Amino acid sequence: SVVSINIVDTAKIWMKSCNGYDITHVDRKDSLCSITIKKEDLLVICDAPDNVISQENVHVKGPPYIKFYAGCPVHNNGFRIGTLCLINLENRQFSEKDRQTLLLLGAVVDNEIKLTNYCDEILCKNDKLEEDIKFKNKMMIVGQVEKHFK
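Here the structure is a predicted model, which means the values were calculated and not measured. (Residues numbered from 1 in each chain as written. Predicted model: local features only at pLDDT ≥ 70, side-chain atom pairs only at ≥ 80, totals over all residues. Heavy atoms only, no water.)

Peer 1: Could you clarify how one ought to interpret the pairing of strand β1 (residues 2-8) in this entry?
Peer 2: Remember that side chains alternate between the two faces of the sheet whenever the strand is regular. Burial along β1 is one-sided: the face carrying V2, S4, N6 and V8 is buried and the face carrying V3, I5 and I7 is not. One ladder, built from 6 bridges, connects β1 with strand β6 (residues 79-88); its direction is antiparallel. Paired with V3 across the bridge in β6 is L86. Note: β1 against strand β2 (residues 12-19), 6 bridges, orientation antiparallel. Its bridge partner lying in β2, I7 is registered against W14. (Buried < 20%, exposed > 50% of the residue type's maximum accessible area, 1.4 Å probe, protein only. Helix = DSSP H or I, 4+ residues; strand = E, 2+ residues; numbered from the N terminus. Pairing = 2+ DSSP bridges.)

So, in structure tokens, the structure goes:
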């Protein structure tokens, strides 16, 4: 089984967090995630070799021979930027409870991205404030030096 959080760009799917597969990226054209990111809902493919959506996919027809795929889009500021996906080399069923769990985990990933953005914004503002304070301190020193030599 593989679980991964991916960022999708125009040419590649970048695995930012992956458990069960030792690669960093795949070509977008060869990835089932490239289908998922176009949808707002989950993409679930049971029995991938026999599913019309996936039967020609290189990772289904060849190594690693994917049999099952479930993916959920991941968002940043309302835009789909990647996927949370589950891949299995054995076929399996995907219950309504599984669907709800994947949607919930996708929302957790979305919230983590929001939190990261928020923290970056705070750090940026903090850096700006520190620069402003340093500048004001320098100006105060310059003012005191000018007063002293008048």
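Okay, back to it.
Peer 1: How should the pairing of β2 be read in this particular structure?
Peer 2: Linking β1 to β2, which pair antiparallel, is a turn of 3 residues. Once β2 ends, the chain turns through 5 residues before running back antiparallel as strand β3 (residues 25-27), passing G20 with a positive phi of about 105°.

Peer 1: What is the right way to look at the sheet that holds β6 in this model?
Peer 2: Taken together, 6 strands build an open sheet; the order of strands is β3-β2-β1-β6-β5-β4 and the sheet is antiparallel. Edge positions in the sheet fall to β3 and β4 (43-45), since each of these pairs with one other strand and no more. Geometrically, the sheet is characterised by an average inter-axis angle of 25° between neighbouring strands, direction not taken into account. (Axes fitted to C-alpha atoms, helices over the stretch in contact; angles between N-to-C directions.)

Peer 1: Would you take a moment to explain the side chain of N6 for this structure?
Peer 2: Tracing the backbone through its elements, the reader meets N6 in strand β1. Within the structure, N6 has its side chain in polar contact with the side chain of S4 (distance 3.1 Å). In contact with N6, other than residues within four places in its own chain, are I13, W14, M15, K16, C33, I81, G82, T83 and C85. (Polar contact = N/O pair within 3.5 Å; in protein donor to acceptor, adjacent residues only side chain to side chain. Contact = heavy atoms within 4.5 Å.)

Peer 1: When you look at the nonpolar core in this model, what are you seeing that I'm missing?
Peer 2: If you look at soluble globular proteins, the nonpolar side chains tend to sit buried side by side. Membership of the largest hydrophobic core comes to 16 residues, with the highest contact counts inside it found for I45, Y69 and I87. Where this core is concerned, the elements lending two or more residues are β1, β2, β4 and β6. Sequence-distant contacts of Y69, that is, excluding residues within four places in its chain, are made with L32, C33, T36, L43, V44, I45, C85, L86 and I87. Grouped together as the second largest cluster of nonpolar side chains are 10 residues, F68, C72, V109 and I113 included. (Core = buried A, V, L, I, M, F, W, Y, C linked by side-chain atoms within 4.5 Å.)

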